[in-house]
Amino acid sequence: MYPAGRPRRLRRDSFTRNLVREHALTAHDLIYPVFVQEGEKKRDAVPSMPGVDRLSLDLLLPVAEQCVKAGIPVMALFPVIDASLKTPAGDEAFNPNGLIPRVVAALKSRFPELGVMTDVALDPYTSHGQDGLLDDTGYILNDATVEVLVKQALTQSQAGVDIVAPSDMMDGRIGAIRTALEARGDIHTRIMAYSAKYASAFYGPFRDAVGSAATLGKSNKKVYQMDPGNSDEALREVGLDIAEGADMVMVKPGMPYLDIVRRVKDEFHVPTFAYQVSGEYAMLKAAAQNGWLDHDAVVLESLLAFKRAGADGVLTYFALDAVRLLQKQ
Ligand code: PBG
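Residues numbered from 1 in each chain as written. Predicted model: local features only at pLDDT ≥ 70, side-chain atom pairs only at ≥ 80, totals over all residues. Heavy atoms only, no water.

- Per an unreviewed UniProt entry, the recorded name for the chain is Delta-aminolevulinic acid dehydratase, and the organism is Variovorax paradoxus.
- In UniProt, the chain has this text filed under Pathway (unreviewed entry): "Porphyrin-containing compound metabolism; protoporphyrin-IX biosynthesis; coproporphyrinogen-III from 5-aminolevulinate: step 1/4."
- Database annotation for the chain, UniProt heading Catalytic activity (unreviewed entry): "2 5-aminolevulinate = porphobilinogen + 2 H2O + H(+)". (UniProt positions renumbered as here; feature names shortened; annotations may be inferred.)

1. Concerning the packing of aromatic side chains
Here is step 1 of the chain: Per the counting criterion, the structure on display carries 10 aromatic pairs.
Here is step 2 of the chain: For the pair Phe-35 and Phe-78, a centre-to-centre distance of 6.2 Å together with 45 degrees between the ring planes defines the contact as tilted. Separated by 43 residues along the polypeptide, Phe-35 in strand β1 (residues 30-37) and Phe-78 in strand β4 (residues 74-79) bring together distant segments of the chain. As far as the burial class goes, Phe-35 and Phe-78 line up, both buried.
Here is step 3 of the chain: Ring centres 6.0 Å apart and planes at 10 degrees place the aromatic pair Phe-35 and Tyr-317 in the stacked group. With Phe-35 in strand β1 and Tyr-317 in the loop between β10 (313-316) and α12 (319-328), this pair connects stretches of sequence that are 282 residues apart.
Here is step 4 of the chain: With relative accessibility at 4%, the residue Tyr-317 sits in the buried group.
Here is step 5 of the chain: Pairwise contacts between aromatic rings join Phe-35, Phe-78, Tyr-194, Phe-206, Tyr-275, Tyr-281, Tyr-317 and Phe-318 into one cluster.
Here is step 6 of the chain: When the ring centre of Tyr-203 is taken as origin, the NZ or CZ atom of Lys-197, which lies over that ring, is 5.4 Å away. (Phe/Tyr/Trp six-rings, centres within 6.5 Å; stacked < 30°, edge-to-face > 60°. Helix = DSSP H or I, 4+ residues; strand = E, 2+ residues; numbered from the N terminus. Buried < 20%, exposed > 50% of the residue type's maximum accessible area, 1.4 Å probe, protein only. Lys NZ or Arg CZ within 6 Å of the ring centre and 35° of its normal.)

2. Concerning the UniProt feature "binding site: Mg(2+)" (unreviewed entry) in the chain
Here is step 1 of the chain: What UniProt calls "binding site: Mg(2+)" (unreviewed entry) maps, in this numbering, to Glu-237.
Here is step 2 of the chain: With respect to the helices, strands and loops of the structure, Glu-237 is situated in helix α8 (residues 232-244).
Here is step 3 of the chain: Given a relative accessible area of 14%, Glu-237 falls into the buried group.
Here is step 4 of the chain: In this structure Glu-237 touches Met-169, Ser-195 and Met-226, once residues within four positions along its chain are discounted. (Contact = heavy atoms within 4.5 Å.)

Written out as C-alpha cells, the structure is:
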C-alpha cells in the first residue's frame with residue numbers, strides 16, 4: 001500500500017518549493033514607521049524596541065535615502081513632541097510650523113519619489129495622552145475631536161504629505177477628513193484608515209517611544225479602540241470607512257489579528273494593510289536576543305504570514321532589515 005497523495009514531492013527540492021509557492025514578500029510590500037524628534041544630530045534609543053531610535057530630521061534623511069534605495073515605497077512618521085507643547089486639546093497637532101509639517105516638507109523636497117504617510121491622532125500632542133478631547137468626566141468626545149483631526153489632516157496635506165492615516169478611531173472622521181480635503185482641492189491626498197484598530201496591550205513600546213505612556217498613566221483607550229473579542233465589528237468599521245472615502249484600510253495589531261485581515265480582504269477586496277506593531281517587534285527582538293528564536297528567519301516568516309493572510313502590505317519596524325534579508329535569499 002502507498003499514500004493516496006504525496007504532497008512531499010513538491011517539497012523535495014528548493015526549485016519545486018520556489019515554483020509552487022503561493023505568496024511572496026517583496027520590498028514593495030513594506031511601510032517603514034519611524035520616530036522623529038526636534039533638534040540636530042539627536043538619536044535616542046527606544047529601550048523597549050531594541051534597534052529603533054528616535055531621530056532628528058538630519059539623521060532621518062539618510063534613513064529615507066536607504067528606503068528609496070531598498071525599494072520601500074512609504075515611510076510613516078510618528079512625532080516625539082516636547083512635553084512643553086502638550087495641551088489638553090492637543091493644538092500643536094495642527095501647527096503648520098510644527099515638527100511633522102516641517103519633516104514632511106523636507107522629505108518630499110529631498111526624496112519626491114518616496115511616499116510619506118502621517119498619523120492623524122492627537123495622542124502625541126495631548127497632555128493626557130488620549131487620542132481626542134475629554135469632557136468633564138474624562139470621556140473622549142467624538143465630534144469635537146473630529147473637528148481637530150480635520151485641521152490636523154489639512155495641515156499635513158498642506159505640507160505635502162501623500163497619505164494621511166487616521167489612527168484615532170473616532171466615528172465619522174474619514175468622511176469629515178475626505179470632505180475637507182476635497183473642499184480645499186487636495187484631491188490626491190490618499191487616506192489609509194486605521195479601520196480595525198483594537199484596544200491592544202501590544203502598543204506599549206510605541207507609547208514609550210512617543211512619550212504617551214507617561215501621560216496616559218493607568219488609563220486606557222477602550223472607549224474608542226475596538227474590543228479584542230470582536231470580529232464582525234471590524235467588518236462594520238471597514239465598511240463605514242470605505243463608504244466615507246478611505247482609499248486603503250488597515251488592521252492593527254497584526255500577528256494576533258490575521259483572522260481579521262483575511263475576513264476584511266475577502267469581504268471588501270480593497271487595498272488592505274496590517275500593522276506589525278511595537279509590541280510584536282519587541283517580542284521577536286527579545287526572544288532573538290535571548291537566543292530563543294532565529295531573528296532573521298522569524299522576521300521573514302512573520303512578514304510572509306501577513307501576505308498569506310491577504311494583506312497587500314505591512315507596516316513594520318523590520319522593514320529595512322527585511323529588505324536586507326530578502327536580498328540575501
Ligand atoms: C496613535 C497610534 C498608536 C500606534 C500607532 N498610532 C498607539 C495607540 O493607539 O496607543 C501604535 C503603533 C505601535 O504600537 O507600533 N494613535
